Every structure is written in C-alpha cells, then in structure tokens.
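Now for the letters of each chain:
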Amino acid sequence: MRIHIICAARPNFMKVAPLYHALKNETWAQPVIVHTGQHYDLNLSDAIFKDLGLPKPDIHLGVGSGTHAEQTGQVMIAYEKVLMEEQPDMVIVVGDVNSTVACTLAASKISYPVNNGQRTTDNRHGRRPLIAHLEAGLRSFDRTMPEEINRLVTDVIADILWTPSQDAVENLISEGIASDKIHFVGNIMIDSLEMLRDKIEKRAVYKEFDLKPKSFGLVTLHRPSNVDNPDILKNLCNILVRISNKIPLVFPVHPRTMKNLEQHNLWPILNNSPNLLLPEPLSYIRFMNMLFNCRLAITDSGGIQEETTYLGIPCLTLRPNTERPITITQGTNQLCDVNNLMEKFHDILSTPVNLHEPIKYWDGKTAIRIVALLKALNPEPFFEIDIIRFHVIN
Ligand code: UD1
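These figures come from a predicted structure and were not determined experimentally.

Draft legend 1. Seen up close, the packing of helix α10 (residues 230–244) against helix α16 (residues 341–350). Relative to each other, α10 and α16 sit at 25°, their axes nearing to 10 Å. Comparing the axis directions of α10 and α16 gives the class roughly parallel. By crossing handedness, the relation of α10 to α16 is classed as right-handed. Here I239, R242 and I243 of α10 come into contact with α16, specifically with L341, M342 and F345. Here the residues of the contact of α10 with α16 are counted per class, giving five nonpolar, no polar and one charged.

Draft legend 2. Representation of empty space enclosed by the protein within the structure. Applying the stated criterion across every chain yields a total of two cavities of 30 Å³ or more. Counted as a void, the second largest cavity has a volume near 40 Å³. Lining the second largest cavity, in full, are L134, E135, P164, G186, N187, I188, M189 and E306. Residues that form the lining of the second largest cavity fall into these classes: four nonpolar, two polar and two charged.

Draft legend 3. Up close: the sheet that holds strand β9 (residues 249–250). Spatially, six strands are ordered β10-β9-β8-β11-β12-β13 in an open sheet, and the strand pairing comes out parallel. Unpaired on one side and paired on the other, β10 (276–277) and β13 (333–335) mark the two borders of the sheet. Here β9 pairs with β10 via two bridges, running parallel. Bridging from a neighbouring strand, V250 pairs with L277 of β10.

Draft legend 4. Summary view of the pattern of salt bridges. Inspection of every chain in the model, using the stated rule, returns 19 salt bridges. Between D96 and R151 there is a salt bridge whose closest N-O contact spans 2.5 Å. Placement of D96 in the loop between β4 (90–94) and α4 (98–109) and of R151 in helix α5 (residues 146–157) is noted, with a sequence separation of 55 residues between them. You can call R151 buried: its relative accessible area is 2%. Of the charged contacts in the structure, one is a salt bridge between R324 and E323, with a shortest N-O distance of 2.5 Å. Each member of the pair, R324 together with E323, is buried. Taken together, the shared-partner salt bridges in this structure form one network comprising K15, D96, E135, E148, R151, E306, R319, E323 and R324.

Calculation criteria
- Residues numbered from 1 in each chain as written.
- Predicted model: local features only at pLDDT ≥ 70, side-chain atom pairs only at ≥ 80, totals over all residues.
- Heavy atoms only, no water.
- Axes fitted to C-alpha atoms, helices over the stretch in contact; angles between N-to-C directions.
- Helix = DSSP H or I, 4+ residues; strand = E, 2+ residues; numbered from the N terminus.
- Parallel < 35°, antiparallel > 145°, perpendicular 65-115°, else oblique.
- Left-handed = near helix turned anticlockwise from the far one by under 90°.
- Contact = heavy atoms within 4.5 Å.
- Nonpolar A, V, L, I, M, F, W, Y, C, P; charged D, E, K, R; others polar.
- 1 Å grid on protein atoms, 1.4 Å probe; cavity = no way out; pocket = protein on both sides within 12 Å on 5 of 7 lines; lining within 4 Å.
- Points joined across faces, edges and corners; volume = space filled by probe spheres on them.
- Pairing = 2+ DSSP bridges.
- Salt bridge = Lys/Arg side-chain N within 4 Å of Asp/Glu carboxyl O.
- Buried < 20%, exposed > 50% of the residue type's maximum accessible area, 1.4 Å probe, protein only.

Right under this line is the structure:
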C-alpha cells in the first residue's frame, strides 16, 4: 500500500513522524513523505525533521509562502501532478494548515488512468486514493480562523477521520458525518513527545539562557489575530514586558511575528527588555526541553495547549476560543486576552496547578492504533476498483 503522508508546516511534522516510523516497520506499507514546502526556514522545517528522525522528504513541492488562495492553489496544482505520477493508494493529511485542505481537494478529485491508459475525468470510472485525516473533528466554531475553514472542508471530504478526543467525534457526528468513517485514535502529538522523552529530558537548554527550571515563562505567538494588527501586537508587546519584570520570559519569535514586529517598529519594545529573551524558533527537542522546564506557557498555538495539559504545566492561551476545549475542561489551559492576561498570570503564580486525570488515548500509542486500523482496512465501501489493486498488493 503506497501511502502519501503530507506535511507542510511546523506543527505537522510532530504529527507525521510517529506514523511514518510505525508504517515504515510494516511490510505491507510503503510510506512516502510529501513536503509541500509551506514552511521552508531551517528552524521551522529541517531542524525539526532532524529531531524527529524523519528522512529528507521523498517528494518536495517547494510551494512556499503566499496569500491563502495562492498557497492553497499552488499546492493543489503541484500535488495533482504528483498524484498522477505516483498513484498512491492512500493520502494521509494532518492538522489544519492550508496544505492539508489543498492536498485533500486535489486527491479527492483526481482520477487515475484506467486500464487502457486513457485518463477519465469522472471518478466513477477511474480511481482515486483513499484520504485519511489525522486530527479530525477539532472545531473552534470560529470561521474567521483560516484553520477552521481548513478543518471543516477537509473533514467533509476525507474518507477516514482519525480524531484525538471524544469531543471531536461528537463534532463530526453533529455535522452529519457517517459514524463508520470516524475512529477515535488519540493524540498523535503525545506520541512524538513520548518517542523523544529521553532526549528531551537529557538536555538543559534553559542553561543557555542562564535560567533555572521552573523559573521562567515560555511564550509563542504567531496567529494572524494576534500579530497582524499593529495595535493588538503593540499591546501584547507591552504586557509581555510587564510580565517579564516579574518572571523572565523566553519568546522564540516566529517569522510571521518577526516580520510584523519589524514592519511596525515594535521590535525595540521587546528587544530593549532585559528579561525578555528572544531566540529564533527552536528545534523540537530544544523547545520541548524548555516547555518541560518552564513555570508556565503563554501562547496562541494549538499544539502547546495540548502538550502543557499532558505535562501538567499552566498554559494561558491568547485566543477567544479553542478547537481543543478538552485542554480547558480536563487540562491546564485557560483562554485569555490582553486585558486579563496579567491577572491570570498572577493567579497562576499564587495557586497550585489543578491536575486532572490523564486524557483517554493521550498515551503515546496513537500511531499503533492507526496502523492496526489500516491493517484491518476494507476499502470496499469506497471504490470498487481499489479492491482489485488492494488484493494484488496483499
Ligand atoms: C501556518 C498555519 C498555522 C500554523 C502555523 C505554525 C495556515 C493557514 N497557517 O501559519 O495553522 O499554526 O503555520 O507556524 O496554514 N515564513 C517564513 N518562513 C517559513 C514560513 C513562513 O519566513 O518557513 C513567513 C512568510 O513571510 C509567511 C509568514 O511567515 O508569509 C507566514 O507563514 P504561513 O505559512 O503563511 O503561515 P503561518 O503564520 O506560519
């Protein structure tokens, strides 16, 4: 079974790595890594690939940055060509970035050449790959977020939906998606964390910043809603400076954020504050070592809300909503805004962490569960002609 695993941007790499490694051990599976090139910086891509033990991508689409339509369209055009050449049996997309929806759209409309070599544009007479979405069903119910649109479209089209939590299953059911497409497999990000726990724990990256464990906060900000508007960004800079006067903050700056800080002349506000440490984005192991050892995280990332919940570290999420509500109801996450960030920060410093029971299937075994499901896969309900190919392969 030739399986394309699509990855594009930083948060995707931690999701594809455990699955790639698990599939690589299976004789029936031929996993192929397709990198769309949405993230291309060394720090956002190559360094993280290396940490996760991923090989160089088998296929690189080299798409890069652009507006939403440009990026999505260019990935679709580039990936359609690859699909026709490679004819994978399955395409696995992860998360909610523009490349996730782009590859899903391209794969869902492709029609491989039929036996006589003639290409047909009608899927009823041709074949297309099965499409599986890993991290399906998450919803912020905020359609101003580009990722929410990507999640909705991907989940409507994909044939197989692997969810990280029970609330995600319920979201999909309430949108009318057939229950036999949905499988609650667990949180794949925790697989990466557990896979690399020894290497993460052996490091002491905080020493490079002259810090001691649990004596600093870790900050990440890159959402357009926080960093694209100069007034909002300025307010955030000012409050981070105030917090850093209480506890040192390490803030690895994302390229989108850096671009905006420089463009609006806000960089000096941060850079002139002695307790704000501003490295470039860190590789996975280095960042996770900082996360393991921080007192709290301040973020607008999705993955960090989950990782802090798993590790029992307080997290303040600078967003009005989250597609990961389980991190609030069963974790350490709180939503906040510039107006209440300071107050919530003080609460955290003065209150012990409220620890919850571990969340079901956030256990480092999600990739194993997915491989078991794939082994048992019966493609019959999807495309008749796939059955022939599937039997030949097996
Ligand atoms: C993307 C995802 C977001 C994810 C985030 C993680 C979408 C809609 N957004 O947002 O869900 O949380 O990745 O980082 O898919 N840039 C570089 N180097 C790079 C990549 C980007 O300098 O390697 C700069 C470019 O100027 C680009 C900007 O950062 O215009 C934003 O990058 P983009 O990929 O458009 O979105 P992110 O903000 O990274």
